[in-house]
Amino acid sequence: MPGAVVIGAGPGIGRSVARRFAKEGMEVALVSRSGTTLDLEGARAYRADSADEDELRAALDAAAAELGTPDVVVYNAAVIRPDTPAEASMRSHLDAWAVNVVGALIAAAHVVPAMAGRGGGSFLITGGMPEPKAAYTSLSLGKAGVRTLVDILDQQWGSSGVHVAGVTVAGPVAPGTDFDPDDIAEHYWRLHTQPRSRWDREVLHGGAGG
């Protein structure tokens, strides 16, 4: 079965999404700054900083060399930190934007054309901040950018059979809460398996079961 690539494969949503796709028999590639498998049996691990274009492209090439053109790519990397407009600096915002938005764009530009050429696949992005918060200015701006990016990528490749969508998580992720990563992971699998006539471009996880 074609593989799944999870970019930003940390111990929260990234690991749960990887487990969910592996449960369906899919081979899984994990791309992260640590380059670890998160103790997922059979997973392949690749090290890359999502803000480093050369590293990110190289990791995606390495994964494709082993697994072939992926059936689904999940972009889950993000810089999550409190910062207010009064605390803004150009460098800190550029650094956050590079991970939160530009990394997703580069990943899509690198892998989605091959998926489109094959006639299908899914490119899914973890979103958040459905309402902007001044206490999380860079994250609010980044997640607004991600929402726009989903629309742009759909315009570019949706007609070629690539399902581009976002999963917007409206709260802090933690096991055993309304924002349990295992519950959130179900949205990614559902989006990936949606028939084309019923594609959603965004799913909001506002709590347990939803």
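All of the points below concern the structure found in this document. In this text the structure is predicted, and so the values were computed from the model without any measurement. (Residues numbered from 1 in each chain as written. Predicted model: local features only at pLDDT ≥ 70, side-chain atom pairs only at ≥ 80, totals over all residues. Heavy atoms only, no water.)

**Remarks on the pairing of strand β4 (residues 72-75)**
Looking along a regular strand, one sees the side chains alternate between the two faces of the sheet. Along β4, one buried face is formed by V72 and V74 and the opposite face, lined by V73 and Y75, is buried too. With four bridges connecting them, strand β1 (residues 4-7) and β4 associate as parallel partners. Residue pairing for β4: A4 is matched across the bridge by V72. The sheet contact formed by β4 and strand β5 (residues 121-128) spans four bridges and is parallel. In the strand pairing of β5, V72 is matched with S122. (Buried < 20%, exposed > 50% of the residue type's maximum accessible area, 1.4 Å probe, protein only. Helix = DSSP H or I, 4+ residues; strand = E, 2+ residues; numbered from the N terminus. Pairing = 2+ DSSP bridges.)

**Describing the packing of aromatic side chains**
Given two aromatic rings, their pairing is described by the distance between the two centres and the angle made by the two planes. Tallying each qualifying case throughout the model produces one aromatic pair. Centre to centre, the rings of F21 and W189 are 5.3 Å apart; their planes meet at 70 degrees, and the pair counts as edge-to-face. On the criterion of sequence distance, the pair formed by F21 in helix α1 (residues 13-23) and W189 in helix α5 (residues 181-193) is long-range, its members being 168 residues apart. Assigned by exposure class, F21 and W189 land together as buried. (Phe/Tyr/Trp six-rings, centres within 6.5 Å; stacked < 30°, edge-to-face > 60°.)

**Topic: the packing of helix α3 (residues 90-118) against helix α4 (residues 137-157)**
Viewed as axis vectors pointing N to C, α3 and α4 meet at an angle of 15 degrees, and their least axial separation amounts to 9 Å. In terms of their interaxial angle, α3 and α4 are classed as roughly parallel. Relative to α4, α3 is oriented so that their crossing is right-handed. Side by side, α3 and α4 meet where H93, A96, W97, N100, V101, A104, L105, A108, A109, V112, P113 and A116 of the first sit next to T137, S138, L139, L141, G142, G145, V146, L149, L153 and W157 of the second. Residues that form the contact of α3 with α4 fall into these classes: 16 nonpolar, six polar and no charged. (Axes fitted to C-alpha atoms, helices over the stretch in contact; angles between N-to-C directions. Parallel < 35°, antiparallel > 145°, perpendicular 65-115°, else oblique. Left-handed = near helix turned anticlockwise from the far one by under 90°. Contact = heavy atoms within 4.5 Å. Nonpolar A, V, L, I, M, F, W, Y, C, P; charged D, E, K, R; others polar.)

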